[in-house]
Amino acid sequence: ACTGIENIDEAITLLEQNNWDLVAAINGVIPQENGILQSEYGVETLHGPAYGPTSHSTAASSTPSSSSAFRHVVPSRQIVERQPRMLDFRVEYRDRNVDVVLEDSSTVGDIKHILENELQIPASKMLLKGWKTGDVDDSTVLKSLHLPKNNSLYVLTPDLPPPSSSHSGALQESLNQTFMLIVTHREVQREYNLNFSGSSTIQEVKRNVYDLTSIPVRHQVWEGWPSSATDDSMTLAVSGLTFPCHRLTVGRRSSPVQTREQSEEQCTDVHMVSDSDGDDFEDATEFGVDDGEMFGVASSALRKSPMMPENAENEGDALLQFTAEFSSRYGDCHPVYFIGSLEAAFQEAFYGKARDRKLLAIYLHHDESVLTNVFCSQMLCAESIVSYLSQNFITWAWDMTKEANRARFLTMCTRHFGSVVAQTIRTQKTDQFPLFLIIMGKRSSNEVLNVIQGNTTVDELMMRLMAAMEIFSAQQQEDIKDEDEREARENVKREQDEAYRISLEADRAKREAQEREMAEQFRLEQIRKEQEEEREAIRLSLEQSLPPEPKEESTESVSKLRIRTPSGEFFERRFLASSKLQVVFDFVASKGYPWEEYKLLGTFPRRDVTQLDPNKSLMEVKLYPQETLFLEAKE
């Protein structure tokens, strides 16, 4: 609801890239600072959970309609509720540590379910220990335990035998091995040599084969999997595959109209037939029609070459393939796409002479949208549209079908247009593509004049292009006028040869420079004084908050620290060995050396004390009974 991502595979991919850190994944796709989205007409604050009814309604209300210009994306001030308290758990089990982050509204059973996936141990066999309170069961709500933010727990499994070290070592070795799968596509008699790590799952293999053969996972019929490979979530290391090479055969599941012998043969090995749990009820084969064969059109005829290679390193080469594939699909009468990077398209459209500048049209293609073929063939390839675009626009294109290409464009979009535009495109559903973005260059930024969705007509598309052109023409006339006036003034200046004028200008420039220099010096002096006053106030506050220095004859353990400053001076002080390291940092800061600007280094062994946990005691960080430290300015 927060990010607008509705594709589960895309969400899982983002989570995997961020090591399943939900907050990091959300910040990765919403890169604006502090979760703030700004627009011309309001502010949208995204502090809070990326789920729940409040967050969902906010995200839904901020989705723009197809007919509105981009500047109306966020119509009003919307504030999402405060994010619930998160608890961090470090759970130890034998030689493993698992970090778990949950809301305080979760239960102890939720922790066990997460550990069950991580440790591969049934939750019913776990005893979760380390709670500071008494009775705790699976239904206990974490909030009721009044836990701190950071907690340490450990798992006991008395009902399970201890693992064999040799077996676990062999399993780890298998997970790191690379398996070569020789997959034969039965219908076309073609072989694919695919390399997968042992940690890859059978489901990942089937999805990769779908990309190669265009056979959906739910329609794949396999031969050659070991009898132990009964679950698609199983890794290749434990599935029983032959290492290093294993042969498999895949084909398309036949329609229900089969002979009895074919049905019996297909049912002999249940795990060979792939079935995706997340598939919607859209299987045309249940009605006797294959999803690649409709209205008498063969499935091979519906397969298309990709408009753009996935993970293309060079944008120019990707646009060349896009143009060639577009021509092969829709004919040669189409807009002339700019071959080059998006930055080069900006240079061509916006940074020439004012009379030569044009609008930039960005066409975003998506092969999985039902509107794509109609939009491309009937609107984008219409002679009137092609002619108008070639005269007034620089047209640049990108294919959003593949996830890697989509992510790359969203990154470019964020860099050039800002996070709000990227969020608008990210929230567009597949069936709302293709998209046509109309960009106008301004002196300081690039403005998105319009976002045109695929559900439009030729007349409406032309009207929007003409409306954008009217706005651009008015701005262009002002730019031309300014440019002409500027050139005229420069010509006059070049023709003038009056010494008095030059002298007067020089004197005035000198006087203004002196005034500016004095003003700048005064401003810098004021800033310096304010900073010094602020630092002094902080220093005094820290000095007053320090605990009293223990006496030498104190009965408690005392640590004596001798600290050398960058100027060569020394100052000493005694601390209780049980005092936290933060007390030492505060003491050093009270002497005018804040730990944000200086490093506190130990001698033997040489170490950066400021990198240690400030909540640990001096005894724990081995600064007892005495130690000599020295300060060093951070780079």
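What you are looking at is a predicted structure, and each value in this text was computed from that prediction instead of being measured.

Cut-offs and rules
- Residues numbered from 1 in each chain as written.
- Predicted model: local features only at pLDDT ≥ 70, side-chain atom pairs only at ≥ 80, totals over all residues.
- Heavy atoms only, no water.
- Helix = DSSP H or I, 4+ residues; strand = E, 2+ residues; numbered from the N terminus.
- Buried < 20%, exposed > 50% of the residue type's maximum accessible area, 1.4 Å probe, protein only.
- Contact = heavy atoms within 4.5 Å.
- Areas by Shrake-Rupley, 256 points an atom, 1.4 Å probe, with all protein chains shown as cover.
- Pairing = 2+ DSSP bridges.
- Axes fitted to C-alpha atoms, helices over the stretch in contact; angles between N-to-C directions.
- Salt bridge = Lys/Arg side-chain N within 4 Å of Asp/Glu carboxyl O.
- Polar contact = N/O pair within 3.5 Å; in protein donor to acceptor, adjacent residues only side chain to side chain.
- Disulfide = S-S within 2.5 Å.
- Core = buried A, V, L, I, M, F, W, Y, C linked by side-chain atoms within 4.5 Å.
- Phe/Tyr/Trp six-rings, centres within 6.5 Å; stacked < 30°, edge-to-face > 60°.
- Lys NZ or Arg CZ within 6 Å of the ring centre and 35° of its normal.
- Parallel < 35°, antiparallel > 145°, perpendicular 65-115°, else oblique.
- Left-handed = near helix turned anticlockwise from the far one by under 90°.
- Nonpolar A, V, L, I, M, F, W, Y, C, P; charged D, E, K, R; others polar.
- Arc of directions from axis to C-beta.

Some remarks on the overall build of the protein
When its secondary structure is counted, the protein shows 17 helices and 20 strands. Here the protein holds 635 residues, and 40% of them are scored as buried. Put simply, 65% of the contacts in the protein that link residues at least 6 apart link residues at least 24 apart. Just so you have it, the protein exposes about 37000 Å², and 50% of that area is on carbon and sulfur atoms.

Some details on the sheet that holds strand S9 (residues 190–197)
Through backbone hydrogen bonds, the strands of a sheet pair up, either in parallel or in antiparallel fashion. Taken in spatial order, the four strands make up an open sheet running S9-S8-S11-S10, and their pairing is mixed. Each of the sheet's edge strands pairs with one partner strand only, and the pair in question is S9 and strand S10 (220–223). Neighbour-to-neighbour, the strand axes of the sheet open up by a mean angle of 30 degrees, direction not taken into account. As paired elements, S10 and strand S11 (residues 245–252) share four bridges and run antiparallel to each other.

Thoughts on the pattern of salt bridges
Should the charged atoms of two oppositely charged side chains come close, the side chains can pair. A complete count under the given rule lists 31 salt bridges for this structure. The salt bridge partner of Glu 572 is Lys 560, with a shortest N-O separation of 4.0 Å. You can see Glu 572 sitting in strand S17 (residues 570–576) and its partner Lys 560 sitting in strand S16 (residues 558–564), a full 12 residues away along the chain. Glu 572 sits in the partly exposed class, given a relative accessible area of 44%.

Remarks on helix H12 (residues 383–392)
Taken as a whole, H12 has its buried residues at Ile 385, Val 386, Tyr 388, Leu 389 and Asn 392. Buried residues belonging to H12 abut strand S12 (359–365), helix H11 (372–380), strand S13 (393–399), strand S14 (435–441) and helix H15 (458–495).

Quick look at the sheet that holds strand S5 (residues 96–103)
Strand order in the open sheet made by the four strands is S5-S4-S7-S6, with mixed pairing throughout. Looking along the sheet, the strands with just one partner apiece sit at the ends: S5 and strand S6 (127–129). Adjacent strand axes in the sheet meet at a mean angle of 30 degrees, parallel and antiparallel pairs treated alike. Here S6 pairs with strand S7 (residues 150–156) via three bridges, running antiparallel. Bridge pairing in S7 places Lys 129 opposite Tyr 154.

Digging into the pairing of strand S8 (residues 178–185)
Most of S8 sits inside the fold, with six of its eight residues counted as buried. Bridging between S8 and S9 involves eight bridges; their strand directions are antiparallel. From the neighbouring strand, Met 180 faces S9, where its bridge partner is Asn 195. Where S8 and S11 come together, six bridges link them in parallel fashion. Across the sheet, residue Val 183 finds its bridge partner in S11, namely Leu 248.

Some remarks on the side chain of Gln 220
Relative to the helices and strands, Gln 220 resides in strand S10. A polar contact is formed between the side chain of Gln 220 and the side chain of Trp 222, at a distance of 2.9 Å.

A look at the state of the cysteines
All told, the structure shown has zero disulfides when counted by the stated rule. The thiol of Cys 376 is not disulfide-bonded; the next cysteine sulfur, from Cys 381, is found 6.5 Å away. Judged by its relative accessible area of 0%, Cys 376 falls in the buried class.

Observations concerning the nonpolar core
Judged by nonpolar contacts, the single largest core of 61 residues is most densely connected at Leu 360 and Trp 396. In contact with Leu 360, other than residues within four places in its own chain, are Leu 342, Ala 345, Phe 346, Ala 349, Phe 350, Phe 393, Ile 394, Trp 396, Leu 437, Ile 438 and Ile 439.

Overview of the packing of aromatic side chains
This model, assessed by the stated rule, comprises 20 aromatic pairs. Ring centres of Phe 326 and Tyr 363 lie 6.4 Å apart, and the angle between their planes is 85 degrees; this geometry places the pair in the edge-to-face category. Highlighted residues: Phe 326 in helix H9 (residues 315–330) and Tyr 363 in strand S12, separated in sequence by 37 residues. Ring-pair connections join several aromatic residues into one group, and the members of that group are Phe 322, Phe 326, Tyr 330, Tyr 337, Tyr 363, Phe 375 and Phe 436. The residue whose ring lies beneath Arg 562 is Phe 570, and the NZ or CZ to ring-centre distance is 3.9 Å. Taking NZ or CZ as reference, Arg 573 lies 4.9 Å from the ring centre of Phe 575, over its face.

Description of the packing of H12 against H15
Packed helices, taken two at a time, are described by their axes: the angle between them and the distance between them. Close contact between H12 and H15 brings their axes to 10 Å; oriented N to C, the two are set at 15 degrees. Overall, the two elements H12 and H15 adopt an arrangement that is roughly parallel. Considering how the two elements wind past one another, H12 and H15 form a crossing that is left-handed. Side by side, H12 and H15 meet where Ser 384, Ile 385, Tyr 388, Leu 389 and Asn 392 of the first sit next to Val 458, Leu 461, Met 462, Leu 465, Met 466 and Met 469 of the second. Here the residues of the contact of H12 with H15 are counted per class, giving nine nonpolar, two polar and no charged.

Section: helix H1 (residues 8–17)
The set of residues buried in H1 consists of Glu 10, Leu 14 and Leu 15. Buried residues of H1, viewed axially, fall in a sector of 135 degrees; they line one side. Lining the buried residues of H1 we find helix H2 (22–29) and helix H13 (403–417). The N-capping residue of H1, defined by a side-chain oxygen 2.9 Å from the backbone nitrogen of Asp 9, is Asn 7. Phi turns positive, to about 55 degrees, at Asn 19, one or two residues after H1.

Points about the pairing of S16
Strand direction decides the pairing type here: S16 and S17, joined by seven bridges, are antiparallel. Residue pairing across strands places Arg 564 opposite Phe 570, the latter belonging to S17. Note: S16 against strand S20 (residues 626–633), five bridges, orientation parallel. Paired with Arg 564 across the strands is Phe 630, a residue of S20.

That is the geometry; function is a separate question.
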